[in-house]
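Results of the structural survey
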Amino acid sequence: MHLLRSRLSRSRRTLLALAGAMLLPLALAFAQVPVQIQPGQQLPNPDQARDLLQNQPGLVQQLRQRLEGSGLTPDQVRSRLRAAGYPETTLDQYLSGADTTKSVRPNRQTLEAVRALGVLSAEEADSLQITDSLGQLTDSLRQRLDSLRALRLDSLRADSLADSLAAIEPQGLKHFGIETFRRYSTRFQPSLAGPVDENYRLGPGDVLVLILTGDVEQAYDLDVTREGFVVIPQVGRVYAANLTLQQFHDQLFPRLRRIYSGIRSGNKGPTQFQVSLAKLRTIQVYVAGDVVRPGAFQMSAAGTVLTALYAAGGPTTNGSFRQVQVRRGGKLVDSVDLYDYLLRGINRSDIRLQTGDVVFVPVHGGFVKVNGEVSRPATYEVLPTETLRDVVQFAGGFDPGAYRSRVQIHRTLPPEANAVSGRGRVVVDVGPEQLAGGVVPGVPMSAGDSVTVFELADRTRSYVSVVGNVWVPGQVGFTPGMKLSDAIRLAGGPRPDVYLDRILVARVREDSSMVQLRSSFTDSTGKLAADLPLEDQDEIRIFSRTTFRDLPYITVTGAVRRQGRVQFRDGMTLRDAVLIADGVTEDAYLSEAEIARLDPSRAPGTLARTIRVPIDSTYRFGGNTPPARTAGADAPGSGDAPAEHAPEVRLRPFDNVLIMRETGFGRQRLVYLLGQVKRPGRYALRTKTDRIADLVTRAGGLTDEAYAGGIQFYRAYTPGNRPPNEQVPHPVGQRVTPTDSLPRGYAERVGIDLPAVLNDAKFRDNIIVTGGDSIYIPEFNPVVMIQGEVNSPGPVAYHKGKSLDWYVNAAGGYSQLGDKTHPYVTQPDGQREGVKRRILLADGVPKPRPGATIFVPRKLIQEQASSVAGLVTTAAQVLGALATLIIVARR
């Protein structure tokens, strides 16, 4: 079973990985988005998908956490592995102190080794094999996804696909900033109309608006020509290229003043003018390098480097976020550090792109992983001059739960440093001396470093624990000089039922051994006989007297609304117990009750003695008290009527109270009689011995269209007085109206010969009906249904006197899988008859009646062993038996 489960798990993981790999091209086909596949890009084949399954960072992290939480030291782990028959180095890569930057591939032997240590159960091991089993997406698959998300034509479908793949992608350290550019949105497009910032420079293609107000009311649209001029009526050409709006305004002022005398400096004259941008020109820039979608992009002249990067989908995992270059005319004009924007929100808008500019994203300069107790664990790109202090700032600083006295760095040495030793990795610990004052030191960082910030030890100090019989149990703060009475007072003091004779104080010595101290109370107010001095992490245990004795109870059963145990109280009476049990039910026998009580003598073999006590109708609480019943001849007890008011009966601990039920009490029992009867409906039984013929008589008999031989009699799985609900399904093989149907839940059909019952009321099939039964009388049905393994299943017209085999032949005969020896027929009245195949005598083949159903089951094919050794063994056994018979016969 375990082997089968493991095989199924491996098959499931492979199918899931391949399904994830094939999800993208399928979505592309439905989205109908043209995506260019770069040379060399292809989906992973099954072998690559299987390889991806083994590289599971989430599984590696879980295994490391389980081993660290087990409390075993690395030496203990190795010794246990050696004792279990595994190589002692099997789990070295998952123990504390292992290099977290090294790629680890867990396999089945790894999980079995961890399970051998007792850290994982079999179910947890199987669960971990499935967890994170989809692995990582290949670069080609990821780039195709990024390209799809960057397309404007179908961005909604692209984002939906991205969310689907994000759900199956393993949760590891992410590249910081890479998700910022992934979701395409029109909010990242610069506006094609004003306003613009004060640094925007005019150029050919811009459209300006000149508005004159005051003595002159006029507006002009001014297009900047290719030569860089605008033409204003009556003013002439005014140069505008490469000028800001303010510079153009200053240049336009003297020209307009010559024509409009009302224009004054500062727009304080009778004529004022205003210049604004109505439409921005469009430029074309090129984005190249390690970006998701390199190419040429058109954007407004207000676009910046961020605009171009958003249009291109941002850098890939290999692209640099720290040195995005802007080249103009083959020369480097500027370099942008995107971390200024991502970390500090600084957008260098002074870098204005122009037509023909190239935004180039080079390969990254090296990454550093920051994991552990920081605000933003991720993979960050570092510059050669940046240090550990910068990296921790990138990660948002330490979390409140970070251990600030140690930071560990796993480093890959350069080739020249490990040429002699052959060990290319080292561990660098930044200790408390360097981290003094809470300042992270400027330790130089190298590409490939992995920084781990550890968590504070899960250990609390400066407390003592007070547990047991106090008002507020738990931990209380410890102060030097604290005594036992101080801790008990902070815990609210002892409860009234406190055990006075002993208080236990457990203390842990420096060598982790424990010592037991003790004291006691002098009274229940909390005064101590010996007020012991306490130490840090002492545990004080105070006991209750209730703990040392069994809580007495009584049990109430029988005709009450809520049966069960009730806590005993001194002075409790029988009436009190019935009240706590929510009163008696309708069928309660209110003449006497029985109390079973422990025998005081406790004689061997004696369990309890019973007593009968009188009760009356006053035990029906709630104001609806019916007249008191008089005990009948069939009631338990003496049969005398109870007194007007039954006396109160005191109970004792562990009494068992039985409120008896009335003999023969019950609600009405209902039976459905539907179909072709003169008065169909839901009939209540008159007696417990009503039979089928009685119900048919009460319904007026059968109609002229009734088919008595097709009766459908149903009995519920669980007998009861009421059907489960009022809704009913259609009877077998019939179409009926919603008001002429049978109750749901009645799948057990009983075969009844109704014509014989109607002719002779003493016939065996005239059975007693019970509550919940359903009877349906159909119309005549002149067909026979053939189902199961026949060549053409379906209805066949009834032919009188024909056998089951004749109807099977009429349905095309038995199929290849049909079982010819075990077909059976369900007659219209529900009786089932099977075929009896005989070797010498004629076969016993039933003859279906109108409305019958024939079913041919599937042939049971048993696999036969083909082993030669098995055949030889069987033949030898047969020959041995024959030889024995011959020897015995000769004697």
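Residues numbered from 1 in each chain as written. Predicted model: local features only at pLDDT ≥ 70, side-chain atom pairs only at ≥ 80, totals over all residues. Heavy atoms only, no water.

Turning our attention to the overall build of the protein chain. Within the protein chain, the secondary structure is distributed over 18 helices and 35 strands. Burial status across the protein chain gives 39% buried among its 891 residues. Across the protein chain, contacts joining residues at least 24 apart in sequence account for 62% of those joining residues at least 6 apart. For the protein chain, the accessible surface area stands at approximately 50100 Å², while carbon and sulfur atoms represent 51% of it. (Helix = DSSP H or I, 4+ residues; strand = E, 2+ residues; numbered from the N terminus. Buried < 20%, exposed > 50% of the residue type's maximum accessible area, 1.4 Å probe, protein only. Contact = heavy atoms within 4.5 Å. Areas by Shrake-Rupley, 256 points an atom, 1.4 Å probe, with all protein chains shown as cover.)

Another point: the packing of aromatic side chains. Applying the stated criterion across every chain yields a total of 14 aromatic pairs. Taking the centre distance of 5.0 Å and the plane angle of 35° together, the rings of F176 and Y380 count as tilted. Of this pair, F176 sits in the loop between helix 8 (155-168) and strand 1 (207-214) while Y380 sits in strand 12 (residues 378-381), placing them 204 residues apart in sequence. Note on accessibility: F176 and Y380 belong to one class, buried. Connected via pairs of aromatic rings, a cluster forms that spans F176, Y339, Y380 and F394. Just above the ring of F229 sits the side chain of R237; from NZ or CZ to the centre is 4.3 Å. The side chain of R565 reaches across the aromatic face of Y553, ending 4.0 Å from its centre. (Phe/Tyr/Trp six-rings, centres within 6.5 Å; stacked < 30°, edge-to-face > 60°. Lys NZ or Arg CZ within 6 Å of the ring centre and 35° of its normal.)

Strands sit in the order 22-21-25-23-24 across an open sheet of 5 strands; the sheet is mixed. Single-partner strands in this sheet number two, and they are strand 22 (564-567) and strand 24 (608-614). Taken pair by pair, the neighbouring strands of this sheet meet at an average axis angle of 25°, ignoring direction. Of the pairings in the sheet, the one linking strand 23 (residues 592-598) to strand 24 comprises 7 bridges and is antiparallel in character. Each bridged residue has a counterpart across the sheet, and for A593 the counterpart in strand 24 is V613. (Pairing = 2+ DSSP bridges. Axes fitted to C-alpha atoms, helices over the stretch in contact; angles between N-to-C directions.)

All right, on to the nonpolar core then. L210, F248, L252, V305, L309, L353 and L388 are the most contacted members of the largest nonpolar core, which has 73 residues in total. With 6 residues, helix 10 (residues 305-311) is the single largest residue contributor to this core. Beyond its immediate stretch of four places on either side in the chain, L309 contacts F181, V291, G314, V324, L338, V359 and V361. Within the second largest apolar cluster, 23 residues are counted, among which are V566, A588, A593 and V649. (Core = buried A, V, L, I, M, F, W, Y, C linked by side-chain atoms within 4.5 Å.)

A separate point is the side chain of S544. Summarising the element assignment, S544 is placed in strand 20 (residues 539-544). Classification of S544 by relative accessible area gives buried; the value is 9%. Of the polar contacts made by the side chain of S544, one reaches the backbone nitrogen of T546; its length is 3.2 Å. Those residues within four positions of S544 in sequence are excluded, and the remaining contacts are N469, D497 and Y499. (Polar contact = N/O pair within 3.5 Å; in protein donor to acceptor, adjacent residues only side chain to side chain.)

Quick look at the pairing of strand 1 now. A regular strand carries its side chains on alternate faces of the sheet. Where strand 1 lies against strand 5 (residues 271-279), 8 bridges are found, and the strand directions are antiparallel. Residue pairing in the sheet places V207 in a bridge with K279 of strand 5. Both strand 1 and strand 2 (residues 218-223) contribute to a ladder of 6 bridges, which runs antiparallel. Within strand 2, the residue paired with L210 across the bridge is Y220. Between strand 1 and strand 2, which pair antiparallel and follow one another directly, the connecting turn spans 3 residues.

Let's shift gears to the pattern of salt bridges. Should their charged atoms come close, side chains of opposite charge can pair. Overall, the coordinates contain 25 salt bridges when judged by the stated rule. When the shortest N-O distance is used, the salt bridge between R858 and E789 registers 3.2 Å. Separated by 69 residues along the polypeptide, R858 in the loop between strand 35 (853-856) and helix 18 (868-890) and E789 in the loop between strand 31 (783-788) and strand 32 (794-797) bring together distant segments of the chain. Relative accessible area serves as the criterion here: at 18%, E789 is assigned to the buried category. Where salt bridges share partners, they join R322, D337 and E386 into one cluster. (Salt bridge = Lys/Arg side-chain N within 4 Å of Asp/Glu carboxyl O.)

Bringing the sheet that holds strand 27 (residues 681-684) into the picture now. With mixed pairing, 5 strands are arranged side by side in an open sheet as 27-26-30-28-29. Each having just a single partner strand, strand 27 and strand 29 (748-750) make up the two edges of the open sheet. Averaged over all pairs of adjacent strands, the angle between their axes in this sheet comes to 25°, without regard to strand direction.

Right, let's talk about helix 9 (residues 245-259) for a bit. Counted at 1.5 Å a residue, the expected span for helix 9 with its 15 residues is 21 Å, and the 21 Å between its end C-alpha atoms agrees. Considering bend angle alone, the principal kink of helix 9 is centred on F253 and spans about 30°; proline P254 follows within four residues of it. Burial in helix 9 covers these residues: F248, L252 and L256. Of the surrounding elements, those touching the buried residues of helix 9 are strand 1, strand 3 (229-232), strand 4 (236-239) and strand 5. (Expected span 1.5 Å × (residues − 1). Bend = angle between axes of the 7 residues up to and from the residue.)

On the surface, V878, L879, L882 and L885 cluster together into a nonpolar patch covering about 410 Å² of accessible area. In this structure, L879 sits in helix 18. (Patch = residues over 30% accessible without salt bridge, like charges linked within 9 Å, V, L, I, M, F, W, Y side chains within 5 Å.)

Right, let's get into the environment of S276. Following the sequence through the fold, S276 ends up in strand 5. For S276, a relative accessible area of 28% gives the class partly exposed. For the pair formed by S276 and I211, sequence separation is 65 residues and the distance between their alpha carbons is 8.6 Å.

What follows deals with unusual backbone geometry. Positive phi, normally seen in glycine, also occurs at Q234, with a value near 70°. Along the polypeptide, Q234 turns up in the loop between strand 3 and strand 4. Here the phi dihedral of D582 falls at roughly 70°; this positive angle occurs in a residue that is not glycine. Residue placement: D582 occurs in the loop between helix 14 (574-580) and strand 23.

Looking at the protein chain, the pLDDT average stands at 79 and 77% of residues meet or exceed 70. Predicted confidence for residues 129-141 stays below pLDDT 50, and this span has 40 contacts to residues more than four positions away or in other chains. In this model residues 149-170 is a low-confidence stretch, pLDDT under 50, and it forms 41 contacts with partners more than four residues away in sequence or in other chains. (pLDDT = per-residue confidence, 0-100.)

Counting through the fold element by element, A301 comes out in the loop between strand 7 (295-300) and helix 10. Judged by relative accessible area, A301 falls into the buried class, the value being 1%. Put simply, A301 and R201 are 100 residues apart on the chain and 8.9 Å apart in space, counted from C-alpha to C-alpha. If near-sequence neighbours (up to four positions away) are discounted, A301 is found in contact with Y200, R281, I283, R352 and L353.

Turning our attention to the environment of A83. Relative to the helices and strands, A83 is located in helix 4 (residues 74-83). For A83 and A116, which are 33 residues apart along the polypeptide, the C-alpha to C-alpha distance reads 10.0 Å.

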